[in-house]
Amino acid sequence: MKTKYWIIIIVLLALLFGGLYLVQRHNARASQVAEIWVDGTLFKRIDLSQVKEAYTLVVGDLEKGSNTILVEPGRIRVLEADCPDLLCEKQGWLPGGAGPIVCLPHKLIIRMGEE
Amino acid sequence: MAGSKKEMVRRMSRDALLTTLALALYVLEAHLPPPVPVPGIKLGLANIVTLFVLFRFNEKEAAAVLFCRILLGSLFGGQLISLLFSASGGLLAFLLLLLLKRILKPSQIWVAGVFAAMAHNLGQIFMARLVLGRPEVLAYLPLLMISGIITGLVTGITAQILLKRLRGVKILQD
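As a starting point, this report considers the structure included with it. Residue indices follow the written sequence of each chain, beginning from 1 at its first position. For this description, chains carry letters from A and ligands carry numbers from 1, given in the order in which they are written. In keeping with the predicted nature of the model, local features appear solely for residues at pLDDT of at least 70, side-chain atom pairs appear and are counted solely at 80 or more, and the whole-chain, interface and lining totals rest on all residues. To obtain the side-chain values, all non-hydrogen atoms of the structure were used and water was disregarded.

A closer look at unusual backbone geometry
Residues and elements named next belong to chain A. Note the cis peptide between Leu94 and Pro95, where omega equals -10°. Every helix listed is a DSSP run of H or I at least four residues long, and every strand listed is a run of E at least two residues long, numbered separately from the N terminus. Following the sequence through the fold, Pro95 ends up in the loop between strand S6 (93-94) and strand S7 (101-103). One non-glycine residue, Leu86, lies in the positive phi region at around 60°. Here Lys107, not a glycine, exhibits a phi torsion of approximately 55°, which is positive. Its location among the elements puts Lys107 in the loop between S7 and strand S8 (108-112).

Structural data, given as structure tokens:
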């Protein structure tokens, strides 16, 4: 008997979409505190609701590579980076998007933390 | 003639050529804009070659072609850190492929593409989790695996068609 692999794959796909939904719901939870992690340690916590004026901050240096982060009232994103793939720039604003902002080459994570 | 020197040279040249083909696909793909801005999501066209070698020839030659391509691809790509992700994903995918080769019929080779892509995404994201030292990146696991199923379908079906259509090509016979 031929194993019906497409059934297994459809079931897996359904489970994964379930997982995706849970992750999205988790992301949508109301939090205004952004955390910037570099190389496994907490670099900065920013309460986005307290931000009155937009500003940028630079994480890293020329040698290790750097990301310029734009902080605005209520939201945060990577504005510029000198990493090779620039995926962190394209991930857009937090809160929002598919999940935390990740820059793998520079080991940088921006996530919405607990209040 | 099996095991003779001439046979060895023939296999080596053929596998080198196939590795070059895989590398060309890998480099080509690196120049395409990423479909989604999530680290780790890509088409994985080079895996068509891995699947082809595994199902047409044998495990040893597929491993050689795969790991030479990963090593050289990361050197050409200029991102040494990507070697870690490719290697961990590639290793996990290959281990699963060893099992799949034993149970899949020629008409089911596309399944190997799907499961290998998912295994690759799994291996790569756990390596990313280790490198980043934080679990946030695991939030991308469902998205990565869904993309793996889709891209794996593409590469798997392509490999299956190629295995059938290229049956008569002499230099690609074992």
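Moving on, there is more to tell.
Brief notes about the sheet that holds strand S4 (residues 65-72) of chain A
Residues and elements named next belong to chain A. Here the rule is simple: two strands pair whenever DSSP picks up at least two bridges between them. With respect to topology, four strands assemble into an open sheet ordered S3-S4-S5-S6, the strand pairing being antiparallel. In the strand order of this sheet, the two ends are held by strand S3 (55-61) and S6, each with one partner. Across seven bridges, S3 lies against S4 in antiparallel orientation. Directly across from Val59, in S4, lies its bridge partner Asn67.

Topic: the packing of aromatic side chains
When two rings of Phe, Tyr or Trp (its six-membered ring) have centres within 6.5 Å they constitute a pair, described as stacked for plane angles under 30 degrees, edge-to-face for angles over 60, and tilted for the intermediate range. Taken as a whole and judged by the stated rule, the model has two aromatic pairs over all chains. With 6.5 Å between their ring centres and 80° between their planes, B:Phe52 and B:Phe57 make a pair best called edge-to-face. Each member of the pair, B:Phe52 as well as B:Phe57, is classed as buried. On the basis of an interplanar angle of 75° and a centroid distance of 6.3 Å, the ring pair of B:Phe67 and B:Phe94 is categorised as edge-to-face. Here B:Phe94 lies in helix H4 (residues 81-103) and B:Phe67 lies in helix H3 (residues 59-77), a separation of 27 residues in the sequence. B:Phe94 gets classed as buried once you look at its relative accessible area, which sits at 7%. Remark: a charge is flagged as sitting over a ring if the NZ atom of Lys or the CZ atom of Arg is within 6 Å of the ring centre and within 35 degrees of the ring normal. Seen from the ring of A:Trp93, A:Arg75 lies directly overhead, with NZ or CZ sitting 3.6 Å from the centre. Throughout this description, buried means an accessible area under 20% of the type-specific maximum (1.4 Å probe, protein chains only), exposed means over 50%, and partly exposed covers the range between.

Here's the deal with the side chain of B:Ser147
All names here are of chain B. Relative to the elements of secondary structure, Ser147 occurs in helix H6 (residues 141-165). Of note is the side chain of Ser147, whose polar atom sits 2.9 Å from the backbone oxygen of Leu144. Not counting the four nearest positions on each side in its chain, Ser147 is found in contact with Ile41 and Asn121. Whenever two N or O atoms come within 3.5 Å, that pair is a polar contact, provided that in protein one can donate a hydrogen and the other can accept it, and provided that, for residues adjacent in sequence, both atoms are side-chain atoms. In this description, contact between two residues means that some pair of their heavy atoms is separated by no more than 4.5 Å.

A look at the layout of surface pockets
All names here are of chain A. Its boundaries defined by the atoms lining it, the second largest pocket holds a volume of some 250 Å³. Think of a 1 Å grid over just the protein atoms. A cavity is a set of points where a 1.4 Å probe fits yet cannot get out, a pocket is an open set with protein on both sides within 12 Å along at least five of seven lines, and lining residues have an atom within 4 Å of a point. Surrounding the second largest pocket, 16 residues form its lining, His26, Asn27, Arg29, Pro100 and Met112 being those nearest its centre. The element contributing the most residues to the lining of the second largest pocket is helix H1 (residues 5-28), with three residues. The residue classification treats Ala, Val, Leu, Ile, Met, Phe, Trp, Tyr, Cys and Pro as nonpolar and Asp, Glu, Lys and Arg as charged. All others, Gly included, are polar. Of the residues that constitute the lining of the second largest pocket, the class distribution is seven nonpolar, six polar and three charged. Grid points are joined across faces, edges and corners, and a volume is the space filled by probe spheres set on the points.

Keep in mind these numbers describe shape, not what the thing actually does.
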